[in-house]
Amino acid sequence: MSAKKETVQSQATQYLTFMLREEGFAIEISKVREVLDVTTMTRIPRMPEYLSGVINLRGNVVPVMDLGLKLGMGSIEYCKNTCIMIVELEVDANLVEMGVLTDSVQMVLDLNPEDIESVPKMGTNLNTEFIKGMGRQSEEKFLIILDIDKVLASEGEAALREIDSIASTHSVAANPEESVGAEA
């Protein structure tokens, strides 16, 4: 392998591609912890419509978001290919896990910087901050590369607040005498 080809490959970033409706999307694979089959979700009252519920991931409560609803593309229609991508977000210097419901996961794709086009201007009223770029998948087709941190930012902060709330509740429950003594 030539040195030039090695340099080009070293600049490539790996993306996990997935489908929502008929559109192809991608996120950096470094953000994806794992991909799961759809499992039993517990729906929590008063959650926004795009939050499908929470799952038990090895004893941890992980919120799951319907990415189709979040992006205004309609709800995910469950089929055998429907899956949950577990992604990690950095919120206030803490890593938070979130589940993202998608129609299907496709493949891992290497994209070089020259394969990624900037986001087209679509007017001043359209917020496109959650799109990192348009990845060239073939001559005719682009992938929408999501900035998953920006898509999930508000949900990550909410999950972190929930974790803090649960942790403080357990702290009081684990040391009830200290809590009583502190109040006396």
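Residues numbered from 1 in each chain as written. Predicted model: local features only at pLDDT ≥ 70, side-chain atom pairs only at ≥ 80, totals over all residues. Heavy atoms only, no water.

*Asks:* Give a description of the packing of aromatic side chains that names residues and reports values.
*Replies:* Applying the stated criterion across every chain yields a total of 1 aromatic pair. With 5.8 Å between their ring centres and 15° between their planes, Phe18 and Phe25 make a pair best called stacked. With respect to burial, Phe18 and Phe25 carry one shared label: buried. When the ring centre of Tyr50 is taken as origin, the NZ or CZ atom of Lys70, which lies over that ring, is 4.5 Å away. (Phe/Tyr/Trp six-rings, centres within 6.5 Å; stacked < 30°, edge-to-face > 60°. Buried < 20%, exposed > 50% of the residue type's maximum accessible area, 1.4 Å probe, protein only. Lys NZ or Arg CZ within 6 Å of the ring centre and 35° of its normal.)

*Asks:* Can you explain the side chain of Asp147? Please cite residues and give values.
*Replies:* Looking at where Asp147 falls in the secondary structure, it is placed in the loop between strand E11 (142-146) and helix H3 (148-174). Residue classification places Asp147 among the buried positions, given a relative accessible area of 13%. In this structure, Asp147 is in contact with Glu129, Phe130, Ile131 and Lys132, ignoring residues within four places of it in sequence. (Helix = DSSP H or I, 4+ residues; strand = E, 2+ residues; numbered from the N terminus. Contact = heavy atoms within 4.5 Å.)

*Asks:* Requested: an account of unusual backbone geometry, with residues and values cited.
*Replies:* Negative phi characterises most residues that are not glycine, and trans characterises most peptide bonds. With phi around 70°, Arg46 is a residue other than glycine that occupies positive phi space. Checked against the element boundaries, Arg46 lands in the loop between strand E3 (32-37) and strand E4 (51-57). Given the relative accessible area of 86%, Arg46 is considered exposed. Of note, Arg58 is a non-glycine position whose phi angle comes to about 50°, a positive value. Mapped onto the secondary structure, Arg58 falls in the loop between E4 and strand E5 (60-66).

*Asks:* Which residues make up the sheet that holds strand E9 (residues 116-117), and what values go with them?
*Replies:* What the 6 strands build is an open sheet, ordered E8-E1-E2-E11-E10-E9; its pairing is mixed. Only two strands of the sheet have a single neighbouring strand rather than two, namely strand E8 (104-111) and E9. In terms of strand pairing, strand E2 (residues 23-28) meets E11 through 2 bridges, oriented parallel. The residue bridging Phe25 from the neighbouring strand is Ile144, located in E11. (Pairing = 2+ DSSP bridges.)

Coordinates in, geometry out; function isn't part of it.
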